[in-house]
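# Observations on chain architecture
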Amino acid sequence: MSSAEPAAILDGAQSTLALLGAPLGYALLIASVVVFGLAVTRLRREWLRPALAVLGALLVFGEGLLVWFHWRLWEASALVDPRTGATTGRIFVAPWTESEKLYVWALILVAMTLLARRHAREMEPYLGGSVSALTVGAVLIGRPFTHPLPDFLASLKGYLAAQGSGNGPAWFAAFQQLDSMRRYYYDTWYMWVHPPLLFFCYGAFVVSFAAVVLMLRERRAAYETTAYRWARLGYLPLTIGMLLGFPWALMSWRGEAWWWSGKVDMSILLWLLYTAYLHGRLYLRREGMWKWVAVLAVLSFVALVLTYLTTYVVPGAHSVAG
Amino acid sequence: MPATPRRTWDFILMMLTVVLLAALGAQSLVGTLYVWWAQRTIAGWLQGPGYASYVALMNAFATPLVAGIVVVLGLCVPKRLFERRTLVAVSAGLVLLGVAWGVAGRSLQNGMAAYLTAAAGLQAVVAVLTVQRSGGLSYLTEGRGRHLGSALLHLGFIVFCLVVVALQDSALMLPVFGLSALLLGAGSAMSFYAKG
């Protein structure tokens, strides 16, 4: 197969994604502003849930578009070993990679917001605000439709260009780089398990924090129970997701001091704090204990935000910061 | 009052665990902030000797903390099985085994591996006895599901520590790690979600 066909598939897919994604991005921004306005101003509160449903539907449509784009990338990414002429594999990039992380977080959170039953109405303004903020961040910072998967596409386009150039050494070098990424990153089982488990727990922890804020404002024990239930829901995927990252780290970052990567450290801190929060709650009936539990809940959530940001500001093995 | 010393021992172990984990957490946070600061202010810090020195210093600080966590984790095991006098003897025996193995092999890693293997064996006995509903096991929580969850969770942690300490470069790493992940997952689920 000549390289013209994959390159054409790639260009076509990227054009279609931008064509549909650009107006979708504006629609997501408008829906986010509406949801945020309804959440903050408390005017027309009865419209908040339908507005969240519209935002959720737009996010789902966008996710479908991204999955279609990834499927087209899979078609365009047949990696041919220049030495043998054999195809070593294709790459189906998981739909929570690079520019898509905030988007998936927003999608999971809007689903949880719409599915929550206990204290759903009271939590909606907080969760609506959070979903709006994540969606705006996903569209303006992540830019999954207009600037999709920048690192992966740069590598794939470089490989396709080298393949088409007829320059054997350049083709081989590009092949080696991308095929290595395929085997140790893009095409690995843990890419389909580790990130989604963590995004699920991130969503659950945001809902838990909304209930903690309500508890602190209203001083009602029932909100504390809601916060605990959501934290408990997020804790198991957090534990399993982090555990599954361990063999991945050993294989992918051999020779590097990955355990002192800021993201890894902050993730461990996050796990420790949620562990302390969930265990501290066992002693909730003791006098004054609820304050300590609330402090731990707030600190845990701060750690969650810092863990996410660390990826982008602190350099290290598990980081995209310079 | 035979329960009092055991609860005191439980409390001491719990406080030690909290202090060691908090220290490791604080070290991680300070280290992360330092990396963020150094990368911004020292040109070429990440590529130069500065980063290597940082890693060496962090490892040096963390080693006694990790060793302490391993020791406390092992000491948490026999408390479920034995009364006070036997508990002291078995705990001391576990520590002596680790020290002797470490000294004989001139390796802290070997000593910790031997200690963890013995602790894992004891914890497996605890788990089996919990499944069999044997009397005499001591738990702070109520309910058989939570007891079994706690037993599996501890066994999972011990096996995971064994992987970290001794099996990172072994062909057994993945299967043993998989076992620890299963035990930790099942243990967490039962500890937090079991009704009783």
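Definitions and cut-offs
Residues numbered from 1 in each chain as written. Chains lettered and ligands numbered in written order. Predicted model: local features only at pLDDT ≥ 70, side-chain atom pairs only at ≥ 80, totals over all residues. Helix = DSSP H or I, 4+ residues; strand = E, 2+ residues; numbered from the N terminus. Buried ≥ 20, exposed ≤ 12 C-beta atoms within 10 Å, placed from the backbone. Rg over C-alpha atoms; globule rule 2.2 N^0.38 Å. Contact = placed C-beta atoms within 7 Å. Nonpolar A, V, L, I, M, F, W, Y, C, P; charged D, E, K, R; others polar. Axes fitted to C-alpha atoms, helices over the stretch in contact; angles between N-to-C directions. Parallel < 35°, antiparallel > 145°, perpendicular 65-115°, else oblique. Left-handed = near helix turned anticlockwise from the far one by under 90°. Core = buried A, V, L, I, M, F, W, Y, C linked by C-beta atoms within 7 Å. Arc of directions from axis to C-beta. Expected span 1.5 Å × (residues − 1). Bend = angle between axes of the 7 residues up to and from the residue. pLDDT = per-residue confidence, 0-100.

### Things to note about the overall build of chain B
Along its length, chain B carries 6 helices and 0 strands. When the helices and strands of chain B are read in sequence order from the N terminus, they spell out α-α-α-α-α-α. Dimensions along the principal axes, computed over C-alpha positions, put chain B at roughly 65 × 45 × 40 Å. Within chain B, the fraction of its 196 residues that count as buried is 32%.

### Let's talk about the overall build of chain A
Tallying secondary structure elements over chain A gives 10 helices and 2 strands in all. Ordered by position in the sequence, the α and β elements of chain A form the string α-α-β-β-α-α-α-α-α-α-α-α. Against the globule reference of 20 Å for 322 residues, chain A gives a C-alpha radius of gyration of 22 Å, in line with a compact fold. Its C-alpha atoms give chain A principal-axis dimensions of about 75 × 45 × 30 Å. Going through the 322 residues of chain A one by one, you find that 44% of them count as buried. For chain A, the proportion of contacts with a sequence separation of at least 24, taken over those separated by at least 6, is 74%.

### Digging into the environment of Trp 248 of chain A
All names here are of chain A. Examined against the element boundaries, Trp 248 turns out to sit in helix H8 (residues 221–252). In this structure Trp 248 comes out as partly exposed when scored by C-beta crowding, with 18 C-beta atoms within 10 Å. Once the C-alpha coordinates of Trp 248 and His 194 are considered, the two residues, 54 residues apart in sequence, prove to be 9.4 Å apart. When sequence neighbours within four positions are dropped, the list of residues in contact with Trp 248 reads Tyr 190 and His 194.

### Some remarks on the interface of chain B and chain A
Each side of the interface is counted separately: chain B has 22 residues, and chain A has 24 residues. For the side of chain B that touches chain A, the residue count by class is 14 nonpolar, 8 polar and no charged.

### A few points about the packing of helix H7 (residues 194–218) of chain A against helix H10 (residues 289–313) of chain A
Residue and element names in this part refer to chain A. Direction vectors running N to C along H7 and H10 enclose 140 degrees, while the axes themselves pass 10 Å from each other. With respect to H10, the element H7 is oriented oblique. As H7 packs across H10, the resulting crossing turns out to be left-handed. The segment H7 lies against H10, with Tyr 202, Phe 205, Phe 209, Val 212, Met 215 and Leu 216 engaging Ala 294, Ala 297, Val 298, Phe 301 and Leu 304.

### Some words on the nonpolar core
Membership of the largest hydrophobic core comes to 125 residues, with the highest contact counts inside it found for Val 35, Ala 106, Leu 109 and Ala 211 of chain A together with Leu 116 and Ile 158 of chain B. Of the residues forming this core, the biggest block, 16 residues, is contributed by H7 of chain A. Once you skip the residues sitting within four places of it in the chain, Leu 109 of chain A turns out to touch Leu 127, Ser 130, Val 131, Leu 134, Gly 203 and Val 206 of chain A.

### A closer look at unusual backbone geometry
A positive phi angle, close to 50 degrees, is found at Glu 98 of chain A, a residue other than glycine. Structurally, Glu 98 of chain A can be placed in the loop between strand E2 (87–89) and helix H3 (101–115). When the 16 C-beta atoms within 10 Å are taken as the criterion, Glu 98 of chain A is described as partly exposed. The residue Arg 106 of chain B is not glycine, and still its phi comes out positive at about 50 degrees. With respect to the element layout, Arg 106 of chain B can be found in the loop between helix H3 (84–104) and helix H4 (108–131).

### Here we look at helix H6 (residues 168–186) of chain A
All names here are of chain A. The complete set of buried residues in H6 reads Trp 171, Ala 174, Leu 178, Arg 182 and Tyr 186. Mapping the buried residues of H6 onto a view down its axis gives an arc of 75 degrees, with all of them on the same face. Along H6, exposed side chains directed more than 90 degrees from the buried face belong to Gly 168, Pro 169 and Ser 180. The secondary structure elements touched by the buried residues of H6 are strand E1 (79–80), E2 and helix H5 (150–165).

### Let's talk about the packing of helix H5 (residues 144–166) of chain B against helix H6 (residues 173–193) of chain B
To characterise two packed helices, one gives the angle between the axes of the helices and the distance between these axes. Residue and element names in this part refer to chain B. At a closest axis distance of 7 Å, the pairing of H5 and H6 adopts a crossing angle of 155 degrees. Of the possible angle classes, the one that applies to H5 and H6 is roughly antiparallel. Crossing of H5 over H6 shows left-handed handedness. The residue makeup of the contact of H5 with H6, split by class, is 16 nonpolar, 8 polar and 1 charged.

### What to know about the environment of Thr 239 of chain A
Relative to the helices and strands, Thr 239 of chain A is located in helix H8. Spatially, the C-alpha atom of Thr 239 of chain A lies 29 Å from that of Val 136 of chain A, the residues being 103 residues apart in sequence. Contact partners of Thr 239 of chain A, with chain neighbours within four places excluded, come to Trp 271 of chain A together with Leu 184 and Ser 188 of chain B.

### Describing helix H2 (residues 49–75) of chain B
Residues and elements named next belong to chain B. The end-to-end C-alpha distance of H2, which contains 27 residues, comes to 39 Å, matching closely the 39 Å that a straight helix rising 1.5 Å per residue would cover. Taken as a whole, H2 carries its principal kink of about 30 degrees at Ala 62; the proline Pro 64 stands between one and four residues after it. Every buried residue belonging to H2 is among Tyr 51, Met 58, Val 70, Val 71, Leu 73, Gly 74 and Leu 75, and all of these are buried.

### Thoughts on the confidence of the model for chain B
In the predicted model, chain B carries a mean pLDDT of 83, and the fraction of residues at 70 or more is 90%. The complex model carries a pTM of 0.85, and its ipTM stands at 0.76.

### A short note on the environment of Val 110 of chain A
All names here are of chain A. Structurally, Val 110 is set in helix H3. Between the C-alpha atoms of Val 110 and Gly 56, which are 54 residues apart in sequence, the distance is 5.9 Å. When residues no more than four places from it in sequence are discounted, the contact partners of Val 110 are Leu 52, Leu 55, Gly 56, Leu 59 and Val 131.

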